[in-house]
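# What the coordinates show
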Amino acid sequence: MKKFSKYWSIFEITLLNSLAYPGELVGRSLMIIPFMWIFYQLWKVAFSAAGVDAINGLTLQDTLWYLMMTETIELGRPPIARTMSENVKDGSVAYILNKPYDFLWYQFSSAMGETIFRAIMNAIFGGLTVWLLVGAPAHPQGFLVAIPAVLGAWVLHFCINAMIGLSAFVVEDVAAFTWIYQKLAFIFGGMLIPLDFYPQWMQTLAKAMPFSSALYGPARLFVSPTMDLFIGVMSLQMFWIITLVFVLVVAYRRGLTQLTVNGG
Amino acid sequence: MTSIIVHNLQKVFQTKRKAAGLSGSMRSLFKPEYSTVEAVRKISFQMETGELLGFIGPNGAGKSTTIKMLTGILHPSGGEASVLGFVPWKDRQKLAFQIGTVFGQRPQLWYHLPAMDTFTLFGKIYELDDSETKKRIDFLAEAFEIRDLLDVPVRKLSLGQRMRCEVAASLLHRPKLLLLDEPSIGLDVVAKQHIRDAIRRMNQEEGVGVLLTSHDAGDLEALCKRVIIVNHGQIVYEDKVSNLKRKFLTTKLVEVRYAKQVAKDFSVKGAKILKVGRYGVKLQFDSAQTPVDSVITRLSEMGDIMDITISDPPLEEVIAKIYEQVREGKQELT
């Protein structure tokens with residue numbers, strides 16, 4: 001119990017820390033409003049040019065709510081890789097490593113503490129904007145159904161970003177890797193365009209990658225909350241979480257022996 | 001009882017080298033060159049339980065690297081170490097329950113939150129009961145005189161106040177050993193004194209062993225009984241601080257005040273006159289060359305002495321002297 005409560009406390013203190021400047025937090029979350037407005041303009045033109053009400057089962061309304069969810073997940077997650085890289089570069093990793101907790105659990109608890117409030121703010125502002133533009137979501141219960149998948153998405157994001165962050169133990173600066181990851185998530189995760197709008201071969205390819213489990217899966221579940229989709233999304237997510245956690249732990253153990261702590 | 005045993009500990013880093021300019025960057029991209037830096041070169045030493053041991057040396061001497069290996073953060077390239085019975089890099093988490101660390105240049109308190117939040121978090125991390133954490137915070141708040149500071153966001157504290165909170169936080173879980181890496185860096189005289197007093201008190205009352213790295217010879221003089229001096233990753237001197245002073249503090253500084261005016265041609269054989277005032281004289285001599293009693297006799301012959309002070313030069317000078325001798329190749333210092 002004490003072991004669990006230490007990670008809960010880390011989560012709590014990071015959450016408190018993220019609330020130290022509430023104005024800045026709210027201000028940053030407002031960014032989702034112009035994003036959603038741009039998406040609305042873009043997809044309204046696309047749907048009217050195609051002269052259809054739905055593309056591969058998604059209406060304009062579904063598409064906008066789908067994009068609200070992908071943006072909430074993406075904008076909510078903290079820059080774990082960059083933080084870890086900075087911890088290594090400025091030597092503060094020494095403090096993180098010299099306490100009696102698991103480094104990866106520490107990073108995860110801390111990342112979730114930073115994520116929660118930001119994500120809630122994004123969901124509120126993004127949701128209100130989309131509601132005003134295209135009306136309520138077709139399946140409001142989708143919000144509850146999608147929650148486990150959203151949490152799983154953050155776990156996946158954490159695994160991938162932590163792996164990039166761990167490479168800082170060897171290469172120190174990870175900006176290039178985070179850039180590549182972000183672009184892959186944009187394209188193969190379905191962040192800007194739902195994967196359903198891709199050609200069939202590309203859909204198959206993208207859906208087999210972990211990026212889709214971190215963005216497309218939860219967002220699609222939100223707009224189409226069916227049992228079949230829930231099982232499909234959660235199973236694929238579990239597969240990727242187990243695989244990536246295993247790789248992450250191996251990479252961490254290896255990275256630790258390579259660590260060079262700067263300063264002093 | 002021995003709390004630290006280090007045998008032939010070694011750390012070698014591979015550092016990437018890059019020539020200046022665009023061509024250098026391009027070359028480094030396709031044909032990276034590495035140079036080997038031996039930060040710690042097979043050092044061996046021991047530290048007794050409850051001892052106050054100074055571990056000093058210039059920048060890049062390998063002090064911090066050694067501390068980081070002793071806390072288990074860095075894996076050594078060779079050699080062995082045991083800290084409180086644990087191999088640090090194999091039992092890092094178990095060891096963490098038994099040791100406290102302060103890295104003067106790296107804050108561990110949450111910057112935007114009151115120090116109390118970090119103390120409470122540490123209570124959880126070190127798996128203390130809430131009541132135990134509270135009692136311990138009360139004790140540390142009194143010992144370090146930080147009661148009024150605990151509810152202030154850390155960013156609003158002065159550096160001295162913050163460092164007192166940092167050291168107190170590292171003692172929350174009653175560690176048996178405290179590893180202090182430059183705890184007084186950037187502090188003013190009063191703040192340094194506060195920290196030193198509190199550390200001494202914790203050593204006396206709770207028997208906490210302290211391994212201290214510092215640039216500040218004052219820390220060493222005020223706190224440590226024994227000193228290890230490192231340079232270029234090697235131990236160049238290891239002895240009691242008192243012996244260090246006796247061996248290297250042969251230069252004495254004397255200040256005398258007379259009842260009547262001092263003669264303008266004031267002189268003492270074997271001593272260098274630094275300053276002659278109306279009633280006072282300041283001089284310096286080497287006690288290895290000129291016996292102290294002959295200087296005192298001569299000074300009393302010059303007039304009625306109202307006051308006299310004989311002092312050692314600052315330890316910084318002594319350490320500089322040792323470094324100088326090491327640089328000149330005279331390594332037979334220990």
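Check the entry above for the structure.
A brief structural summary. (Residues numbered from 1 in each chain as written. Chains lettered and ligands numbered in written order. Predicted model: local features only at pLDDT ≥ 70, side-chain atom pairs only at ≥ 80, totals over all residues. Heavy atoms only, no water.)

### Examining the overall build of chain A
Counting its secondary structure elements, chain A contains 14 helices and two strands. The C-alpha atoms of chain A give 19 Å as radius of gyration, which agrees with the globular expectation for 264 residues (18 Å, within 12%). By the burial criterion, 51% of the 264 residues in chain A qualify as buried. The long-range share in chain A, meaning contacts at least 24 apart out of those at least 6 apart in sequence, stands at 80%. Total accessible area on chain A is roughly 11,700 Å²; 73% of this is exposed by carbon and sulfur atoms. Treating the 15 positive side-chain charges of chain A as one cloud and the 14 negative ones as another, the clouds have centres 7 Å apart. (Helix = DSSP H or I, 4+ residues; strand = E, 2+ residues; numbered from the N terminus. Rg over C-alpha atoms; globule rule 2.2 N^0.38 Å. Buried < 20%, exposed > 50% of the residue type's maximum accessible area, 1.4 Å probe, protein only. Contact = heavy atoms within 4.5 Å. Areas by Shrake-Rupley, 256 points an atom, 1.4 Å probe, with all protein chains shown as cover. Lys, Arg positive; Asp, Glu negative; His and termini not counted. Charge placed at Lys NZ, Arg CZ, Asp CG, Glu CD.)

### Focus on unusual backbone geometry
Residues and elements named next belong to chain B. Positive phi outside glycine occurs at L84, with the angle close to 50 degrees. With respect to the helices and strands, the residue L84 is situated in the loop between strand 4 (78-83) and helix 3 (92-96). Phi at R174 is positive, roughly 50 degrees, even though this residue is not glycine. Along the chain, R174 turns up in the loop between helix 6 (159-170) and strand 6 (177-181).

### Observations regarding the sheet that holds strand 4 of chain B
Residue and element names in this part refer to chain B. Spatially, 2-1-4 is the arrangement adopted by the three strands of the open sheet, whose pairing is antiparallel. One side of each edge strand has no neighbouring strand; the edge strands of this open sheet are strand 2 (33-48) and strand 4. Strand after strand, the sheet turns through a mean of 25 degrees between neighbouring axes, direction not considered. (Pairing = 2+ DSSP bridges. Axes fitted to C-alpha atoms, helices over the stretch in contact; angles between N-to-C directions.)

### Digging into the interface of chain A and chain B
Counting residues at the interface gives 33 residues for chain A and 32 residues for chain B. Here chain A and chain B share an interface that buries about 3,100 Å² over both sides, 60% of which is from carbon and sulfur atoms. Looking at the side of chain A facing chain B, the largest losses of area belong to I13, Y95 and P100 of chain A, adding up to 23% of the total buried there. On inspection of chain A and its partner chain B, the count reaches one salt bridge. The salt bridge partner of K6 of chain A is E127 of chain B, with a shortest N-O separation of 2.7 Å. (Buried area = accessible area lost by both parts, 1.4 Å probe. Salt bridge = Lys/Arg side-chain N within 4 Å of Asp/Glu carboxyl O.)

### Points about empty space enclosed by the protein
All names here are of chain A. Evaluation of the coordinates by the stated rule reveals two cavities of 30 Å³ or more. Here the second largest cavity is characterised by a volume of approximately 40 Å³. Among the elements of the structure, helix 7 (103-134) and helix 8 (142-166) are those that each provide at least two residues to the lining of the second largest cavity. Examining the composition of the lining of the second largest cavity, we find that four residues originate from one element, helix 7, more than from any other. A class-by-class count of the residues in the lining of the second largest cavity yields seven nonpolar, two polar and one charged. (1 Å grid on protein atoms, 1.4 Å probe; cavity = no way out; pocket = protein on both sides within 12 Å on 5 of 7 lines; lining within 4 Å. Points joined across faces, edges and corners; volume = space filled by probe spheres on them. Nonpolar A, V, L, I, M, F, W, Y, C, P; charged D, E, K, R; others polar.)

### Comments concerning the pairing of strand 6 of chain B
Residue and element names in this part refer to chain B. Burial analysis of strand 6 places five of its five residues in the buried class, the great majority of the element. Burial of the side chains of strand 6 extends over both faces: L177, L179 and D181 are buried on one face and L178 and L180 on the other. Pairing between strand 5 (residues 99-103) and strand 6: five bridges, direction parallel. Its bridge partner lying in strand 6, T101 is registered against L179. Inspection of the sheet shows strand 6 paired to strand 7 (residues 209-214) by five bridges, in the parallel sense. Pairing of L179 across the sheet is with L211, part of strand 7.

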